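Here are the chains, one letter per residue:
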Amino acid sequence: MSTWLGLFVVGVVGLGTYAMRAGMILALADRALPPLLLRALSQVPAAVLAAMSVTLAADPTAGGLTVDKAAAVVVAGIVARWRRNLIYTLIAGMATLYIVAAIV
């Protein structure tokens, strides 16, 4: 593939991605979102954090599920259930990961 064709493909894909995102923003710009959708969207950060954490903790290419990762996931789960705060959950999980990794 030539350089110009590669640049053209990247440009077309970039414009297509931008058009899809801008289209949704412009289509919903003057409308209020339903309360059910707003409530569902408020759960997205926690769901993404959980999905990334479990995927990274159990990744066999990164050593699989080790003691430090398992402890971090358990502590983060407990803090998430107790405090219901994403920042506290992240801080508790990361602190546990580093502390247990330093000990083990």
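These remarks concern the structure in this document. (Residues numbered from 1 in each chain as written. Predicted model: local features only at pLDDT ≥ 70, side-chain atom pairs only at ≥ 80, totals over all residues. Heavy atoms only, no water.)

## What to know about the overall build of the protein
Thinking step 1. The helix and strand inventory of the protein stands at five helices and zero strands.
Thinking step 2. For the protein, the N- to C-terminal ordering of α and β elements is α-α-α-α-α.
Thinking step 3. For 104 residues, the compact-globule estimate of 2.2 N^0.38 gives 13 Å, and the protein exceeds it by more than 25% at 21 Å.
Thinking step 4. Dimensions of the protein, computed from C-alpha atoms along their principal axes, come out at roughly 50 × 45 × 15 Å.
Thinking step 5. When burial is assessed residue by residue, the protein has 12% of its 104 residues classed as buried.
Thinking step 6. Taking the contacts inside the protein whose residues are at least 6 apart along the sequence as the reference set, 42% of them involve residues at least 24 apart.
Thinking step 7. Per element, the accessible surface of the protein, about 8,300 Å² overall, is 75% carbon and sulfur. (Helix = DSSP H or I, 4+ residues; strand = E, 2+ residues; numbered from the N terminus. Rg over C-alpha atoms; globule rule 2.2 N^0.38 Å. Buried < 20%, exposed > 50% of the residue type's maximum accessible area, 1.4 Å probe, protein only. Contact = heavy atoms within 4.5 Å. Areas by Shrake-Rupley, 256 points an atom, 1.4 Å probe, with all protein chains shown as cover.)

## Some remarks on the layout of surface pockets
Thinking step 1. Of the volumes computed, that of the largest pocket is approximately 740 Å³.
Thinking step 2. Lining the largest pocket are 26 residues; nearest its centre among them are Leu49, Ala50, Ser53, Ala76 and Thr89.
Thinking step 3. Here the lining of the largest pocket takes nine residues from helix α3 (residues 44–57), the largest share from any one element.
Thinking step 4. Among the residues making up the lining of the largest pocket, the classes are represented as 16 nonpolar, seven polar and three charged. (1 Å grid on protein atoms, 1.4 Å probe; cavity = no way out; pocket = protein on both sides within 12 Å on 5 of 7 lines; lining within 4 Å. Points joined across faces, edges and corners; volume = space filled by probe spheres on them. Nonpolar A, V, L, I, M, F, W, Y, C, P; charged D, E, K, R; others polar.)

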